Amino acid sequence: MYDYMDKTESCGAGSTFSDKAEQLEEMIHEAVRKGVCIAFSGGVDSSLLLAVACREQKRSGGTVFGVMFDTFLHTKGDEEAARQVSMECGADFAVLPVNELDNTAILNNPQDRCYQCKKYLFTRLKEFAKKHQCAVVMDGTNADDLKAYRPGLTALKELGILSPLKEAGFTKEDVRRMAAEYGISAAGKPSNSCLATRLPYGERLDAAVLERIAAGEDYLSGLGFSTVRIRLHGQVARIELEPEQFSLFLNLREDIAARLKELGFIYITLDAEGFRSGSMDL
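Just so it is clear, the structure is predicted and the values come from calculations on it, not from any experiment.

J.: Tell me about the sheet that holds strand 7 (residues 267-270), and please be specific about residues and values.
T.: Pairing within the open sheet is mixed, and its three strands lie in the order 5-6-7. Each end of this open sheet is capped by a strand with a single partner; those strands are strand 5 (228-233) and strand 7. If you compare each strand with its neighbour and ignore which way they point, the axes differ by 25 degrees on average. In terms of strand pairing, strand 6 (residues 236-241) meets strand 7 through four bridges, oriented parallel.

Written out as C-alpha coordinates, the structure reads:
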(Lines give C-alpha, C1' and ligand atoms only; values in the text may rest on other atoms or scores of the structure.)
Protein backbone atom coordinates (compact mmCIF):
# COMPACT_ATOMS: atom_id res chain seq x y z
CA MET A 1 0.00 0.00 0.00
CA TYR A 2 0.99 3.62 -0.42
CA ASP A 3 3.60 4.77 2.09
CA TYR A 4 2.64 8.07 3.73
CA MET A 5 5.10 10.09 5.75
CA ASP A 6 2.68 10.93 8.56
CA LYS A 7 0.99 7.84 9.98
CA THR A 8 -0.71 9.67 12.86
CA GLU A 9 -2.31 12.74 11.32
CA SER A 10 -6.09 12.56 11.63
CA CYS A 11 -8.29 13.82 8.79
CA GLY A 12 -11.61 13.52 10.60
CA ALA A 13 -14.13 10.91 11.75
CA GLY A 14 -11.46 9.24 13.88
CA SER A 15 -9.49 7.97 10.88
CA THR A 16 -6.01 9.03 9.85
CA PHE A 17 -5.21 10.01 6.31
CA SER A 18 -3.19 6.81 6.01
CA ASP A 19 -6.20 4.74 7.17
CA LYS A 20 -8.40 6.34 4.54
CA ALA A 21 -5.82 5.83 1.80
CA GLU A 22 -5.43 2.17 2.70
CA GLN A 23 -9.19 1.60 2.69
CA LEU A 24 -9.49 3.37 -0.67
CA GLU A 25 -6.77 1.21 -2.21
CA GLU A 26 -8.29 -1.99 -0.87
CA MET A 27 -11.72 -1.17 -2.34
CA ILE A 28 -10.27 -0.28 -5.72
CA HIS A 29 -8.02 -3.35 -5.72
CA GLU A 30 -11.05 -5.62 -5.38
CA ALA A 31 -12.97 -3.70 -8.05
CA VAL A 32 -10.17 -3.76 -10.64
CA ARG A 33 -9.98 -7.55 -10.48
CA LYS A 34 -13.61 -7.61 -11.68
CA GLY A 35 -13.09 -4.89 -14.31
CA VAL A 36 -13.93 -1.27 -13.58
CA CYS A 37 -15.37 1.71 -15.49
CA ILE A 38 -14.74 5.10 -13.88
CA ALA A 39 -16.89 8.12 -14.74
CA PHE A 40 -13.92 10.28 -15.68
CA SER A 41 -14.24 14.05 -16.05
CA GLY A 42 -10.52 14.79 -15.92
CA GLY A 43 -11.05 16.53 -12.56
CA VAL A 44 -9.10 15.72 -9.44
CA ASP A 45 -11.59 13.26 -7.87
CA SER A 46 -11.96 10.97 -10.87
CA SER A 47 -8.28 11.37 -11.78
CA LEU A 48 -7.28 10.04 -8.37
CA LEU A 49 -9.59 7.05 -8.76
CA LEU A 50 -8.12 6.35 -12.17
CA ALA A 51 -4.54 6.59 -10.93
CA VAL A 52 -5.15 4.24 -8.00
CA ALA A 53 -7.06 1.79 -10.21
CA CYS A 54 -4.27 1.70 -12.80
CA ARG A 55 -1.66 1.08 -10.14
CA GLU A 56 -3.68 -1.83 -8.78
CA GLN A 57 -4.16 -3.12 -12.34
CA LYS A 58 -0.39 -3.24 -12.85
CA ARG A 59 -0.05 -5.27 -9.66
CA SER A 60 -2.73 -7.89 -10.19
CA GLY A 61 -4.30 -7.44 -13.64
CA GLY A 62 -7.87 -6.53 -14.51
CA THR A 63 -9.49 -3.91 -16.72
CA VAL A 64 -9.68 -0.13 -16.16
CA PHE A 65 -11.68 2.28 -18.33
CA GLY A 66 -11.84 6.03 -17.85
CA VAL A 67 -15.08 7.14 -19.54
CA MET A 68 -15.79 10.83 -20.18
CA PHE A 69 -19.40 11.87 -20.74
CA ASP A 70 -19.95 14.16 -23.73
CA THR A 71 -23.23 15.74 -22.63
CA PHE A 72 -25.39 18.80 -23.09
CA LEU A 73 -25.53 19.97 -19.47
CA HIS A 74 -21.98 19.14 -18.45
CA THR A 75 -19.11 20.92 -20.12
CA LYS A 76 -16.99 18.11 -21.51
CA GLY A 77 -13.96 19.93 -20.28
CA ASP A 78 -10.55 19.48 -21.78
CA GLU A 79 -10.72 16.15 -23.56
CA GLU A 80 -7.10 16.40 -24.59
CA ALA A 81 -6.03 16.91 -20.95
CA ALA A 82 -8.24 14.00 -19.86
CA ARG A 83 -6.67 11.77 -22.49
CA GLN A 84 -3.27 12.86 -21.22
CA VAL A 85 -4.14 11.91 -17.63
CA SER A 86 -5.47 8.55 -18.86
CA MET A 87 -2.27 7.94 -20.80
CA GLU A 88 -0.15 8.89 -17.76
CA CYS A 89 -2.10 6.40 -15.67
CA GLY A 90 -2.20 3.66 -18.31
CA ALA A 91 -6.00 3.41 -18.54
CA ASP A 92 -8.20 2.81 -21.55
CA PHE A 93 -10.06 6.03 -22.42
CA ALA A 94 -13.47 6.46 -24.03
CA VAL A 95 -15.93 9.29 -24.68
CA LEU A 96 -19.62 8.45 -24.23
CA PRO A 97 -22.03 10.86 -26.00
CA VAL A 98 -25.27 11.37 -24.02
CA ASN A 99 -27.86 14.15 -24.34
CA GLU A 100 -29.64 14.51 -21.00
CA LEU A 101 -32.37 16.62 -22.59
CA ASP A 102 -33.59 13.53 -24.40
CA ASN A 103 -34.98 12.73 -20.95
CA THR A 104 -38.09 14.94 -20.73
CA ALA A 105 -38.05 14.70 -16.92
CA ILE A 106 -35.09 17.11 -16.91
CA LEU A 107 -36.36 19.77 -19.34
CA ASN A 108 -38.01 22.08 -16.78
CA ASN A 109 -35.09 21.96 -14.36
CA PRO A 110 -37.03 20.25 -11.53
CA GLN A 111 -35.75 20.06 -7.96
CA ASP A 112 -34.88 16.39 -8.51
CA ARG A 113 -32.97 17.28 -11.69
CA CYS A 114 -29.72 15.89 -10.29
CA TYR A 115 -31.43 12.55 -9.53
CA GLN A 116 -32.94 12.33 -13.03
CA CYS A 117 -29.68 13.33 -14.68
CA LYS A 118 -27.43 10.95 -12.74
CA LYS A 119 -29.81 8.06 -13.33
CA TYR A 120 -29.89 8.80 -17.06
CA LEU A 121 -26.11 9.13 -17.42
CA PHE A 122 -25.06 6.22 -15.24
CA THR A 123 -27.61 3.84 -16.75
CA ARG A 124 -25.79 4.37 -20.03
CA LEU A 125 -22.40 4.01 -18.38
CA LYS A 126 -23.51 0.69 -16.91
CA GLU A 127 -24.50 -0.43 -20.41
CA PHE A 128 -21.02 0.57 -21.63
CA ALA A 129 -19.41 -1.32 -18.73
CA LYS A 130 -21.39 -4.48 -19.46
CA LYS A 131 -20.38 -4.34 -23.12
CA HIS A 132 -16.71 -4.16 -22.08
CA GLN A 133 -16.94 -6.90 -19.42
CA CYS A 134 -16.53 -4.52 -16.48
CA ALA A 135 -18.52 -5.56 -13.41
CA VAL A 136 -17.95 -2.36 -11.40
CA VAL A 137 -18.83 1.26 -12.19
CA MET A 138 -17.30 4.02 -10.05
CA ASP A 139 -17.78 7.74 -9.61
CA GLY A 140 -15.80 10.44 -7.81
CA THR A 141 -18.28 11.47 -5.12
CA ASN A 142 -16.35 12.43 -1.95
CA ALA A 143 -17.39 12.89 1.67
CA ASP A 144 -17.79 16.67 1.32
CA ASP A 145 -20.54 16.10 -1.25
CA LEU A 146 -22.72 14.72 1.54
CA LYS A 147 -22.89 18.18 3.11
CA ALA A 148 -24.85 19.67 0.19
CA TYR A 149 -28.15 18.96 -1.55
CA ARG A 150 -27.22 16.03 -3.78
CA PRO A 151 -30.33 14.06 -4.89
CA GLY A 152 -28.16 12.40 -7.53
CA LEU A 153 -26.54 10.32 -4.80
CA THR A 154 -29.83 8.43 -4.47
CA ALA A 155 -29.68 7.50 -8.15
CA LEU A 156 -26.09 6.26 -7.78
CA LYS A 157 -27.13 4.07 -4.86
CA GLU A 158 -30.11 2.66 -6.76
CA LEU A 159 -27.87 1.78 -9.71
CA GLY A 160 -25.20 0.18 -7.55
CA ILE A 161 -22.47 2.69 -8.45
CA LEU A 162 -19.43 2.49 -6.17
CA SER A 163 -18.13 5.77 -4.71
CA PRO A 164 -14.82 4.76 -3.08
CA LEU A 165 -13.79 8.27 -2.01
CA LYS A 166 -17.04 8.76 -0.12
CA GLU A 167 -16.91 5.28 1.41
CA ALA A 168 -13.34 5.84 2.62
CA GLY A 169 -14.25 9.22 4.13
CA PHE A 170 -12.13 11.30 1.75
CA THR A 171 -12.77 15.04 1.93
CA LYS A 172 -11.82 17.28 -0.99
CA GLU A 173 -8.69 18.26 0.93
CA ASP A 174 -7.77 14.57 1.31
CA VAL A 175 -8.34 14.02 -2.41
CA ARG A 176 -6.05 16.88 -3.39
CA ARG A 177 -3.39 15.72 -0.95
CA MET A 178 -3.32 12.16 -2.25
CA ALA A 179 -3.50 13.34 -5.88
CA ALA A 180 -0.44 15.52 -5.25
CA GLU A 181 1.36 12.54 -3.69
CA TYR A 182 0.61 10.56 -6.83
CA GLY A 183 1.87 13.40 -9.01
CA ILE A 184 -1.49 13.78 -10.78
CA SER A 185 -1.52 16.83 -13.05
CA ALA A 186 -5.16 17.60 -12.13
CA ALA A 187 -4.40 17.88 -8.38
CA GLY A 188 -5.06 21.62 -8.29
CA LYS A 189 -7.83 21.73 -10.88
CA PRO A 190 -10.98 23.58 -9.69
CA SER A 191 -14.30 21.72 -9.55
CA ASN A 192 -17.04 22.24 -12.08
CA SER A 193 -20.73 21.41 -12.11
CA CYS A 194 -23.79 20.88 -14.28
CA LEU A 195 -24.80 23.96 -16.30
CA ALA A 196 -28.40 23.57 -15.11
CA THR A 197 -27.21 24.76 -11.68
CA ARG A 198 -26.81 28.22 -13.23
CA LEU A 199 -30.60 28.60 -13.52
CA PRO A 200 -33.36 28.63 -10.87
CA TYR A 201 -35.36 25.45 -10.38
CA GLY A 202 -38.42 25.32 -12.60
CA GLU A 203 -36.91 27.39 -15.41
CA ARG A 204 -36.92 25.57 -18.74
CA LEU A 205 -33.46 24.55 -19.90
CA ASP A 206 -32.80 26.40 -23.14
CA ALA A 207 -29.83 25.37 -25.28
CA ALA A 208 -29.00 28.90 -26.42
CA VAL A 209 -29.06 30.30 -22.87
CA LEU A 210 -26.81 27.56 -21.53
CA GLU A 211 -24.38 28.04 -24.40
CA ARG A 212 -24.16 31.76 -23.54
CA ILE A 213 -23.46 30.94 -19.90
CA ALA A 214 -20.76 28.42 -20.86
CA ALA A 215 -19.17 30.94 -23.23
CA GLY A 216 -19.19 33.62 -20.52
CA GLU A 217 -17.59 31.32 -17.98
CA ASP A 218 -14.94 30.23 -20.49
CA TYR A 219 -14.14 33.88 -21.16
CA LEU A 220 -13.73 34.66 -17.45
CA SER A 221 -11.62 31.55 -16.89
CA GLY A 222 -9.39 32.70 -19.72
CA LEU A 223 -8.78 35.95 -17.84
CA GLY A 224 -7.31 33.99 -14.94
CA PHE A 225 -10.28 33.47 -12.62
CA SER A 226 -9.80 30.09 -10.94
CA THR A 227 -13.46 29.36 -10.13
CA VAL A 228 -16.32 30.93 -12.08
CA ARG A 229 -20.10 30.59 -12.01
CA ILE A 230 -22.59 32.77 -13.92
CA ARG A 231 -26.00 32.33 -12.25
CA LEU A 232 -28.80 33.75 -14.35
CA HIS A 233 -31.87 35.32 -12.73
CA GLY A 234 -34.03 36.59 -15.58
CA GLN A 235 -32.01 39.46 -17.07
CA VAL A 236 -29.51 39.56 -14.19
CA ALA A 237 -26.23 37.65 -14.50
CA ARG A 238 -24.86 37.06 -10.99
CA ILE A 239 -21.15 36.22 -11.14
CA GLU A 240 -19.58 34.12 -8.39
CA LEU A 241 -15.79 34.21 -8.00
CA GLU A 242 -13.30 33.45 -5.26
CA PRO A 243 -13.25 36.58 -3.00
CA GLU A 244 -9.49 36.97 -3.29
CA GLN A 245 -9.99 37.59 -7.02
CA PHE A 246 -12.53 40.41 -6.64
CA SER A 247 -9.84 43.04 -7.19
CA LEU A 248 -8.89 41.42 -10.50
CA PHE A 249 -12.54 41.53 -11.55
CA LEU A 250 -12.83 45.21 -10.67
CA ASN A 251 -9.66 46.04 -12.60
CA LEU A 252 -11.11 44.32 -15.67
CA ARG A 253 -14.77 45.20 -15.10
CA GLU A 254 -15.22 47.35 -18.22
CA ASP A 255 -13.81 44.68 -20.53
CA ILE A 256 -15.81 41.98 -18.72
CA ALA A 257 -19.05 43.92 -18.94
CA ALA A 258 -18.52 44.64 -22.64
CA ARG A 259 -17.83 40.99 -23.49
CA LEU A 260 -20.73 39.62 -21.47
CA LYS A 261 -23.09 42.11 -23.08
CA GLU A 262 -21.86 40.93 -26.47
CA LEU A 263 -22.96 37.45 -25.35
CA GLY A 264 -26.45 38.78 -24.62
CA PHE A 265 -26.39 39.38 -20.86
CA ILE A 266 -28.22 42.58 -19.83
CA TYR A 267 -27.41 43.29 -16.15
CA ILE A 268 -24.06 42.05 -14.85
CA THR A 269 -23.36 41.81 -11.12
CA LEU A 270 -20.57 40.48 -8.89
CA ASP A 271 -21.87 38.45 -5.93
CA ALA A 272 -20.37 39.93 -2.75
CA GLU A 273 -20.47 36.53 -1.01
CA GLY A 274 -18.22 34.96 -3.63
CA PHE A 275 -18.36 31.44 -4.99
CA ARG A 276 -20.26 28.83 -3.02
CA SER A 277 -21.42 25.49 -4.30
CA GLY A 278 -25.17 25.04 -4.45
CA SER A 279 -26.09 28.72 -4.09
CA MET A 280 -29.19 28.11 -6.23
CA ASP A 281 -30.45 25.54 -3.72
CA LEU A 282 -31.31 28.21 -1.15
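J.: If you had to explain the packing of helix 8 (residues 207-222) against helix 10 (residues 253-262) to someone new, which residues and values would you point to?
T.: Interaxial distance between helix 8 and helix 10 falls to 10 Å at its minimum, and their mutual angle equals 155 degrees. What the angle tells us is that helix 8 and helix 10 run roughly antiparallel. Crossing of helix 8 against helix 10: the hand is right-handed. Each of Gly216, Tyr219 and Leu220 in helix 8 lies in contact with helix 10, whose residues at this interface are Asp255, Ile256, Arg259 and Leu260. Looking at the contact of helix 8 with helix 10 residue by residue, the classes come out as four nonpolar, one polar and two charged.

J.: Outline the packing of aromatic side chains, supporting the account with residue identities and numerical values.
T.: Within the structure shown, the criterion is met by five aromatic pairs. An angle of 85 degrees between the planes, with centres 5.5 Å apart, marks the rings of phenylalanine 65 and phenylalanine 128 as edge-to-face. In this pair, phenylalanine 65 sits in strand 2 (residues 64-70) while phenylalanine 128 sits in helix 4 (residues 113-131), placing the two residues 63 residues apart along the sequence. Each of the two residues, phenylalanine 65 as well as phenylalanine 128, counts as buried.

J.: Go over the pairing of strand 1 (residues 36-39), please, and point to the residues and values.
T.: Side chains Val36 and Ile38 of strand 1 all project onto a buried face; the interleaved residues Cys37 and Ala39 project onto the opposite face, where all are buried too. For strand 1 and strand 2, the ladder comprises four bridges, and the chain directions are parallel. The residue of strand 2 that forms the bridge with valine 36 is valine 64. After leaving strand 1, the chain enters helix 2 (residues 44-60) and then returns to the sheet as strand 2, a path that is right-handed. Sheet analysis places strand 1 next to strand 4 (residues 136-138), joined by three bridges and oriented parallel. Within the sheet, the bridge partner assigned to cysteine 37 lies in strand 4 and is valine 137.

J.: Which residues make up the nonpolar core, and what values go with them?
T.: Core analysis: the largest hydrophobic core is formed by 47 residues, its most contacted members being Phe122, Leu125 and Ile213. Here this core gets seven residues from one element, more than from any other, and that element is helix 4. With sequence-adjacent residues up to four places away left out, leucine 125 is seen in contact with Ala39, Val67, Phe69, Leu96 and Val137. Of all hydrophobic cores here, the second largest spans 36 residues; its members include Val36, Leu48, Cys54 and Met178.

Conventions used here
Residues numbered from 1 in each chain as written. Predicted model: local features only at pLDDT ≥ 70, side-chain atom pairs only at ≥ 80, totals over all residues. Heavy atoms only, no water. Pairing = 2+ DSSP bridges. Helix = DSSP H or I, 4+ residues; strand = E, 2+ residues; numbered from the N terminus. Axes fitted to C-alpha atoms, helices over the stretch in contact; angles between N-to-C directions. Parallel < 35°, antiparallel > 145°, perpendicular 65-115°, else oblique. Left-handed = near helix turned anticlockwise from the far one by under 90°. Contact = heavy atoms within 4.5 Å. Nonpolar A, V, L, I, M, F, W, Y, C, P; charged D, E, K, R; others polar. Phe/Tyr/Trp six-rings, centres within 6.5 Å; stacked < 30°, edge-to-face > 60°. Buried < 20%, exposed > 50% of the residue type's maximum accessible area, 1.4 Å probe, protein only. Right-handed = clockwise from strand over helix to strand, strands pointing away. Core = buried A, V, L, I, M, F, W, Y, C linked by side-chain atoms within 4.5 Å.

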